Amino acid sequence: MAASGGRLLYRCPQSKAVDAVRWLRPISAFDRFIAAAVHDTDTDTDTCSSAVEIHSVNLSFNPENPDHSRPLLHLRSSWPSPSRISSLRTSETRQKHLDGGRECVSVGEDGRVNLVSIAEMRLDHRLVHDSQGLVSYTAARWGSQAEFATGGFGFGLQWWDQRKPGGLVSQFKGWLYLEHAIDYPPLMSHKEGYPNNKVGGSSGTVFAWDLRRQQEPILLSGVGPTGTGQSTSESEVWEVQYDIHTQSSSTSAASSTKILPVMMCSEDGILAVIEQGEAPIELLAEDCAINSFDIDPQNPSDVVCCLEWETIGILLRQRRAISAYS
Amino acid sequence: MPGRPSDTKDALVPFPPEAETVPLYPVQHGVKPPIFRVFVSWSRGNVLQVACIRPIEDESVREERNGAGEGGDIGGKVMEVKLGASDGNVEEAERRRIAYGSVAPFALLQSRRNSLATIYRVSSSSSVTEWWQHVLEYSKSISELLGNTALPSSSVIEDPKMVFQATARPTPLKAAWQLMEIFYVDRHSFPWILECLVDWLGEYDGLLSDTEVIVHRKLVKLQEKLVNVQVIEDDSEYWEGISSALSIGWLEVVVKLLRLHGSYQLDQLDSRETENGLVEAVAVLVSTMPRMRLDLPMGKLGQCYRTKPDFVKGLEEMEGLAQKCMQLKQCPTSSGLVGLLIGILGESTEVVMAECLKSFGPWMVTHSLELLTTDSDQTEILLHEERYSLGGISIMELHRLIYAQVLSSHPLTWQIAPTYLVSCPKQGLGLLEILLYKQPLQNHVMILKNLEICRLYELERISSCVKEIAGIYHWKHGRKGCGIYWFQQAHDEARLNHIAQKLFECVGIADETSKRWEGLIELLGPEVESAGGLGFLHKYQNFKKSLQKVKDASSTDAAQQTVELLIQVKLLNWRDRPLLNVTETNLLLSKLQELSTAKLRPEFYQSDLPPRALSSVRLALATNLSRTFLEG
C-alpha cells in the first residue's frame, strides 16, 4: 500500500496474470465487486487455465487513519474460459441476460465486424462487415443505440451506423498507429480514439475526434507529425476512459467545446489524467506495465487497475466533498 | 502422474513394452486420423510444442466433404505439453513475486554503480562510503521483499507460562539474506556483530536444522512441558533450557524461565526465601547483562554499552560460536543456513556462493553477490575477473546469465530478464537479442510488448526482425492488412513489392470490388514511399477518384489532373490485363482531346506537362482500349 497526494494505492497480488479488470454494478450499497480476466500459467496445459473471476472488494476505508483500513479482495466466483481473454466489458443493465437488450460488437484481426446477441441460451451473431483480412480491427465501442466505432491497424477510426446500408459511415483521419481502446464521453457530443505508434516512432499518443469535424484529430498526448505536443508516456497506451472525477479546468464544460479529461494507462507503468492544453496529472508510475483499468461509475474517485506483475491495484482518490455522497 | 494408456494402438509413436519407467504425457490433439506428421520442438522452459498434421487433401475431396456436411475438420493442431510435475503453485507464485520485486532495487543499484564509476574514476574513500550506503539501501529493500520481521507481542496481558513466543515461521531465504547483510553490508552493526547474531538467532534459530537438537526445538519442547509440571526445577530439561538460552543470549527467555522457579509460588515463598532471593538475584543479573549495542528493541532485556573494550570479549565469544558451527558441519542434514554461516565465518566467498546456489537458487546468488563485494577488494576481483574457463566471462556475469535464463523460461517473467541481461557486459546483449527474437508472436499485445523492450534498449535490428516475423505470421493466416502493416513498419520493401504483385492480380475495375480496397489503402497511409510496391493502390485510388470527377462535371482542370495521374501511374501499360473498361477509356480519350484543343484557346495556361506526355498517354489509352476489346 502506498499513499501520495491524497491518493491511496492498494496492491493485491494474484499469483496469476491479470489481463483485464472491470468494476461490476453493485447489488447493494455496501457491496462492491470487480471482475478480472485471469490466466494461470502454473496449471497443466490441458486443463482450463483462463477464467473470469468475480471478487468482492472490502474497502473499510477510513480517511482518518488510512493505514489501518485493510482492503481485501475476496474471490467469490470463477468462470473458466476456453481461451485467454483479450477484452472484458460489463453490462450496464442489471438483467442476468442481455435478452432484448443491447448487442455486443465483436471485431477481429480477421477483419470481421459482428453483432452478437444472447437469445435463449445461445449466441446469435450477425455479420455487419467482412473485409476479408484486408483490414484488421483491434478495438470497438458503442456510441449510441445504433452507432459504434472501430479501430485497428491504420490511419484512422471507422464510424458505423447500423441503420445505413453497408454500415460504414465514415473514416476519421489520424496518423499511423494501432488502436487499443476507444471511449465515449458521457455527453454524446464527442468521441475519442486512442492510438499510438506514429510513423517512425512509438510514442504513446492519445487523440480525440469531434464528430462534427472528423478529419481533424485533436492531439491530447504524444507527439504529432509536426513534432509538437506533450507526451505523458512514450510507450503503448493500453486503455483510455473519460474521467468524470477530475474536474475540468474549464468550469463551464457543458457549453465549451473543450474535451473532457481522459485517463490513460501505458506499457511503461503510467496511469495519468490528460486534458487538452493542460499538463498531465500522473496518478501512478509503476515499475511494470499497467495493462487495463476501470473507473468505478458509481464512485468515480475509485479506480481499479491490473499490473503486469500479477497484481490488481485499487486506487482511491480523494473524494470531492459533496459529489461523492450526492 | 500420467498413466500408460490402456490401448497402445492409439499412440502416435509406438514405444517398446520394456520401457516401464518412461514417463508418459498424453496429448489430446483431437485431430482425426490419419495423422501425416508429428513435429516436436522445445517451447519456453520445460514446455514441448507438439504439432500433429493431417495429410493435405485434394481440393475436390475437401469440397465434397464440405458439401456432405462433414466440413470443419482441422488440418492439424499445435499443442503444448508441460514436462515434469509442478512443485506446488504457491511456491512458484511466491518465487515470481520476489523476482518482480527485486527488479527495481537491482536496476537502481546498477545505475548507481555506473554513475559512481563515472564520477570517481579511482576508488576514493568518499565513493566507497557512498557506494556502501547504496548497497545497504538495496539490501534493505530486498530484505523487505522477503517477508516482515517478527514484531514483539503487543498484547497487554502476558501469559507467564509463555516463555517462548511462537511466531509465524520465517523463511530461510529471509534468514540467509539477513545473515549476509549483518556480515557484509551493515557497517553500523560491525562493532556489535555478536549482538546482531543473537538477534538473528532469536528469529531464525528454528530454521537451522530440521532434525538436530537446536535451542529453538529444546525450548519448544520445554514449553509444552511447563503447562503440566508442578516442580519444574527438579527437571533437568528446565536447567538445560535456561543454560542453552543463556548461551545464545536470549535473556528474556532466561528471565521468564527463572521466574517459573518453584520458590516463586505463594505457598512456597516463606520456606524457600533464601532460595528465591538467589534465583531473583540471578534473574536481575541476567536482565541487566551488559550488551554491546546501540539500543534495544522494546521487550528486550540487558543494558546497552557502546564502548569498545568489550569488543574483544565479543570476538572471543564469536569464535566460540564459530567453533560450534564447525562441529555442526559434520552433520549431514544441516540446512543451507548452517553451511552459509560456516562459509561466512570462514571468510570463504566461494563457499558462500556455493551454499547460496545450492540451497536458495539462482535468484539468491545473483542478488547477494552485490552484498559480497561491498567490503573486500579481493572479493571484487574474484567476482569480476574474466575467466578463460568460463568462456571469458566473470563469475558475476555467469550467475546473472543463469538467473536470466530461469526468468526467460517462464511466460510471465521473461519480460524482466532483459534487466539482468543488460548488466552482463560480455554475453548479455547477444542473449537478449535471442530472447526477443524467439518470443512467440501469435498474440498482438505480446508483439507490442516485445517491441517496447527493443525500443528501450535501442535494438533496431531485432525490432525490424520481430516486425517482419509478425508480418509473415499474419499474412500467412490471411490477415492481409495486419501483415502489410508490419511489413511497412519493418520497411521490408522486398516483401511489400512481392505482395503488390500478388494483389495487383486481384484489383478489379468494377466499383464494388474497388470499395473493398479502401480500408487497405487507408492503412497504407498518405506516404506512398513507405508502402513499397503497394503504392500502386494509392495511385489507382486517386485515379479512380478523379475519373469520377470528370464523369460528374466535365472541366478542364479535372481532365488535366486525370492525365497527370495517368502519366505517373503506368497502370495503363500493366501487362497482365487492362484496368479500365471500354467506357472509361473512351471517356479519357475524349478528355485528352479536350485538353489538346484547349491549347488553342487564348486563356490557356501552359502547364508543366512533359512534352511528350499527351501523346504517350494517348498511345497507352489506345493500347488499353484494344486490349479491353479483346478481353471483352
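Residues numbered from 1 in each chain as written. Chains lettered and ligands numbered in written order. Predicted model: local features only at pLDDT ≥ 70, side-chain atom pairs only at ≥ 80, totals over all residues. Heavy atoms only, no water.

The name that an unreviewed UniProt entry assigns to chain B is Nuclear pore complex protein Nup85, with the source organism given as Apostasia shenzhenica. The UniProt entry for chain B carries this comment under Subunit (unreviewed entry): "Component of the nuclear pore complex (NPC)." UniProt annotates chain B under Subcellular location (unreviewed entry) with the comment "Nucleus, Nuclear pore complex". (UniProt positions renumbered as here; feature names shortened; annotations may be inferred.)

An unreviewed UniProt entry lists chain A under the name Nuclear pore complex protein NUP43, with Apostasia shenzhenica as the source organism. Check the Subcellular location (unreviewed entry) section of the UniProt entry for chain A; it says "Nucleus".

A. Here's a closer look at the overall build of chain A. Helix and strand content of chain A: zero helices and 23 strands. Looking at chain A as a whole, 52% of its 326 residues are labelled buried. Once local pairs closer than 6 in sequence are excluded, the contacts in chain A between residues at least 24 apart make up 48%. With an accessible surface of roughly 15,100 Å², chain A has 51% of that area assigned to carbon and sulfur atoms. (Helix = DSSP H or I, 4+ residues; strand = E, 2+ residues; numbered from the N terminus. Buried < 20%, exposed > 50% of the residue type's maximum accessible area, 1.4 Å probe, protein only. Contact = heavy atoms within 4.5 Å. Areas by Shrake-Rupley, 256 points an atom, 1.4 Å probe, with all protein chains shown as cover.)

B. Representation of the overall build of chain B within the structure. Each helix and strand in chain B was counted, giving 26 helices and five strands. When contacts within chain B are restricted to residue pairs at least 6 apart in sequence, those whose partners lie at least 24 apart make up 60%.

C. Region of interest: helix α8 (residues 251-258) of chain B. With seven of its eight residues buried, α8(B) lies for the most part within the structure. Of the residues making up α8(B), those classed as buried are B:Leu251, B:Glu252, B:Val253, B:Val254, B:Val255, B:Leu257 and B:Leu258.

D. Molecular detail of the pairing of strand β2 (residues 7-13) of chain A. All names here are of chain A. Of all seven residues in β2, five are buried; the element is thus mostly enclosed. Here β2 runs beside strand β23 (residues 311-317); their pairing, made up of seven bridges, is antiparallel. Bridge assignment links Arg 11 to a residue of β23, and that residue is Gly 313. (Pairing = 2+ DSSP bridges.)

E. A look at the environment of B:Gly483. Residues and elements named next belong to chain B. Inspection of the secondary structure puts Gly 483 in helix α19 (residues 480-489). Placed 16 residues apart in sequence, Gly 483 and Ile 499 show a C-alpha to C-alpha distance of 9.8 Å. Residues in contact with Gly 483, not counting those within four places in the same chain, are Gly 471, His 474 and Trp 475.

F. Representation of α19(B) within the structure. Residue and element names in this part refer to chain B. In terms of burial, α19 is a largely internal element, nine of the 10 residues being buried. Along α19, the positions that sit buried rather than exposed are Gly 481, Cys 482, Gly 483, Ile 484, Tyr 485, Trp 486, Phe 487, Gln 488 and Gln 489. Note on α19: the residue one or two positions beyond its end, His 491, has a positive phi of about 55°.

G. Representation of the packing of helix α4 (residues 172-185) of chain B against helix α5 (residues 193-204) of chain B. Residues and elements named next belong to chain B. At a closest axis distance of 10 Å, the pairing of α4 and α5 adopts a crossing angle of 175°. Here α4 lies roughly antiparallel to α5, going by the angle between them. Side by side, α4 and α5 meet where Lys 174, Ala 175, Gln 178, Leu 179, Ile 182 and Phe 183 of the first sit next to Ile 193, Cys 196, Leu 197, Trp 200 and Tyr 204 of the second. Across the contact of α4 with α5, the residue classes break down as nine nonpolar, one polar and one charged. (Axes fitted to C-alpha atoms, helices over the stretch in contact; angles between N-to-C directions. Parallel < 35°, antiparallel > 145°, perpendicular 65-115°, else oblique. Nonpolar A, V, L, I, M, F, W, Y, C, P; charged D, E, K, R; others polar.)

H. The arrangement of the packing of α4(B) against helix α11 (residues 336-345) of chain B in detail. Residues and elements named next belong to chain B. The contact between α4 and α11 brings their axes to 10 Å, and the two run at 10°. Overall, the two elements α4 and α11 adopt an arrangement that is roughly parallel. Contact with α4, carried on its side by Pro 172, Ala 175, Ala 176, Leu 179, Met 180, Phe 183 and Tyr 184, involves Leu 337, Leu 340, Leu 341, Ile 344 and Leu 345 of α11 and no other residues of that element.

I. The side chain of A:Asn114, seen in detail. Residues and elements named next belong to chain A. Looking at the element boundaries, Asn 114 is found in strand β8 (residues 112-119). Exposure remark for Asn 114: the relative accessible area of 13% places this residue in the buried category. A polar contact is formed between the side chain of Asn 114 and the backbone nitrogen of Leu 127, at a distance of 3.5 Å. Residues in contact with Asn 114, not counting those within four places in the same chain, are Cys 104, Val 105, Ser 106, His 125, Arg 126, Leu 127 and Val 128. (Polar contact = N/O pair within 3.5 Å; in protein donor to acceptor, adjacent residues only side chain to side chain.)

J. Representation of the sheet that holds strand β2 (residues 47-53) of chain B within the structure. All names here are of chain B. Judged by pairing direction, the sheet is antiparallel, and its three strands sit side by side in the order β1-β2-β3 without closing on themselves. Unpaired on one side and paired on the other, β1 (37-42) and β3 (76-82) mark the two borders of the sheet. For this sheet, the mean inter-axis angle between neighbouring strands, taken without regard to orientation, is 20°. Across six bridges, the pairing between β1 and β2 is antiparallel.

K. Structural detail: the confidence of the model for chain B. Residue and element names in this part refer to chain B. For chain B, per-residue confidence averages 75 on the pLDDT scale, and 67% of positions sit at 70 or higher. Considering only residues more than four positions removed or in separate chains, one finds that residues 67-71, a stretch of pLDDT under 50, has three contacts. Within the model, pLDDT remains below 50 along residues 328-333, and this stretch shows six contacts once partners closer than five positions in the same chain are excluded. (pLDDT = per-residue confidence, 0-100.)

L. Looking closely at the sheet that holds strand β20 (residues 281-285) of chain A. Residue and element names in this part refer to chain A. Judged by pairing direction, the sheet is antiparallel, and its four strands sit side by side in the order β17-β18-β19-β20 without closing on themselves. At either end of the open sheet lies a strand with only one pairing partner, and these are β17 (237-242) and β20. Pairs of neighbouring strands in the sheet enclose a mean axial angle of 15°, with direction left out of account. Where strand β19 (residues 270-274) meets β20, four bridges bridge the pair, whose relative direction is antiparallel. Within β20, the residue paired with Leu 271 across the bridge is Leu 284.

M. Molecular detail of unusual backbone geometry. If you check the backbone angles, A:Glu310 has positive phi at about 55° while not being a glycine. Along the polypeptide, A:Glu310 turns up in the loop between β22 (302-307) and β23. Despite not being glycine, B:Glu458 has its phi angle at roughly 55°, a positive value. As for its placement among the helices and strands, B:Glu458 is situated in the loop between α17 (444-456) and α18 (460-476). Relative accessible area serves as the criterion here: at 66%, B:Glu458 is assigned to the exposed category.

N. Quick peek at the environment of A:Leu75. Residue and element names in this part refer to chain A. Here Leu 75 is to be found in strand β6 (residues 71-81). Put simply, Leu 75 and Ile 54 are 21 residues apart on the chain and 6.1 Å apart in space, counted from C-alpha to C-alpha. When neighbours within four sequence positions are excluded, Leu 75 is seen to be in contact with Glu 53, Ile 54 and His 55.

O. Fine view of the packing of aromatic side chains. Taken as a whole and assessed by the stated rule, the structure comprises 11 aromatic pairs over all chains. With a centroid separation of 4.9 Å and 75° between ring planes, the pair formed by B:Tyr238 and B:Trp239 is classed as edge-to-face. We classify B:Tyr238 as buried; its relative accessible area is 0%. One aromatic cluster is present, formed by A:Tyr137, A:Trp142, A:Phe148 and A:Trp160 through successive ring pairs. (Phe/Tyr/Trp six-rings, centres within 6.5 Å; stacked < 30°, edge-to-face > 60°.)

P. Structural view of the nonpolar core. Judged by nonpolar contacts, the single largest core of 123 residues is most densely connected at A:Leu271, B:Met180, B:Phe183 and B:Trp200. Look past the residues within four positions of B:Trp200 in its chain and what remains in contact with it is B:Ala175, B:Gln178, B:Leu179, B:Ile182, B:Asp205, B:Leu208 and B:Leu337. (Core = buried A, V, L, I, M, F, W, Y, C linked by side-chain atoms within 4.5 Å.)

Q. Layout of the pattern of salt bridges. Residues and elements named next belong to chain B. Under the criterion given, the structure shown has 28 salt bridges over all chains. A salt bridge links Arg 95 to Glu 92, with the nearest nitrogen and oxygen atoms 3.2 Å apart. Taken as a pair, Arg 95 and Glu 92 lie in helix α2 (residues 89-119) at a separation of three residues, close to a single helical turn. One salt bridge connects Arg 455 with Glu 452, and the closest N-O pair in it is separated by 2.9 Å. (Salt bridge = Lys/Arg side-chain N within 4 Å of Asp/Glu carboxyl O.)

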